[in-house]
Amino acid sequence: MEIPSDIDAVLKRLLDPHEDGANSQLAPEDEAYLNSLIDSVRAGRRAVLIVEDADERLRYMFSNATRAEAVTMLGKVVEAAGRRLTEGDD
């Protein structure tokens, strides 16, 4: 699996319309939320970005984080999601 070294290029690709001219499939509030996350990454916050391609291959990158920090962050996401599911908050 390739891990991109240029976060700006990856984020630009995510935010720019696709090359074929298709519009974003994100709702406006999701676009705004994604932009706020990108601003946080650019400000130096740690991040893990995961995208599943059409062929079900995962592409991912860590920004401002080591692999160990990235795994810790993913663990926190799984734990929080499990708590919400247990409490009935979908």
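Residues numbered from 1 in each chain as written. Predicted model: local features only at pLDDT ≥ 70, side-chain atom pairs only at ≥ 80, totals over all residues. Heavy atoms only, no water.

Student: I tried to follow the overall build of the protein on my own but got confused; where do I start?
Tutor: The helix and strand inventory of the protein stands at 3 helices and 2 strands. Secondary structure of the protein in N-to-C order comes out as α-α-β-β-α. Expressed as a percentage of contacts within the protein between residues at least 6 apart in sequence, the contacts between residues at least 24 apart total 40%. For the protein, the accessible surface area stands at approximately 7,300 Å², while carbon and sulfur atoms represent 51% of it. (Helix = DSSP H or I, 4+ residues; strand = E, 2+ residues; numbered from the N terminus. Contact = heavy atoms within 4.5 Å. Areas by Shrake-Rupley, 256 points an atom, 1.4 Å probe, with all protein chains shown as cover.)

Student: I'm lost on the pattern of salt bridges in this one. Help?
Tutor: Between side chains of opposite charge, a pair can form when the charged atoms approach closely. All told, the structure shown has 3 salt bridges when counted by the stated rule. Residues Glu69 and Arg46 are paired through a salt bridge, measuring 3.6 Å at the closest nitrogen-oxygen approach. In this pair, Glu69 is assigned in helix H3 (residues 67–86) and Arg46 in the loop between helix H2 (28–42) and strand E1 (47–52), connecting sequence segments 23 residues apart. A salt bridge links Arg59 to Asp53; its shortest N-O distance comes to 3.1 Å. Residue classification places Arg59 among the partly exposed residues on the basis of a relative accessible area of 32%. (Salt bridge = Lys/Arg side-chain N within 4 Å of Asp/Glu carboxyl O. Buried < 20%, exposed > 50% of the residue type's maximum accessible area, 1.4 Å probe, protein only.)

Student: Is there a simple way to think about a nonpolar patch on the surface in this case?
Tutor: Together, Ile50, Leu58 and Leu74 give the surface a local cluster of nonpolar side chains, amounting to about 240 Å² of exposed area. Mapped onto the elements of the fold, Ile50 is located in strand E1. Since its relative accessible area comes to 46%, Ile50 is described here as partly exposed. (Patch = residues over 30% accessible without salt bridge, like charges linked within 9 Å, V, L, I, M, F, W, Y side chains within 5 Å.)

Student: Please explain helix H1 (residues 7–15) as it appears in this structure.
Tutor: Think of an α-helix as turning once every 3.6 residues; residues three or four places apart then point the same way. Restricting attention to buried positions, one finds in H1 the residues Ile7, Val10 and Leu11. Buried residues of H1, seen end-on, are gathered within an arc of 95 degrees and therefore sit on one face of the element. Facing away from the buried side of H1 by over 90 degrees, the exposed positions are Lys12 and Arg13. Elements in contact with the buried residues of H1: H2, E1 and strand E2 (58–63). (Arc of directions from axis to C-beta.)

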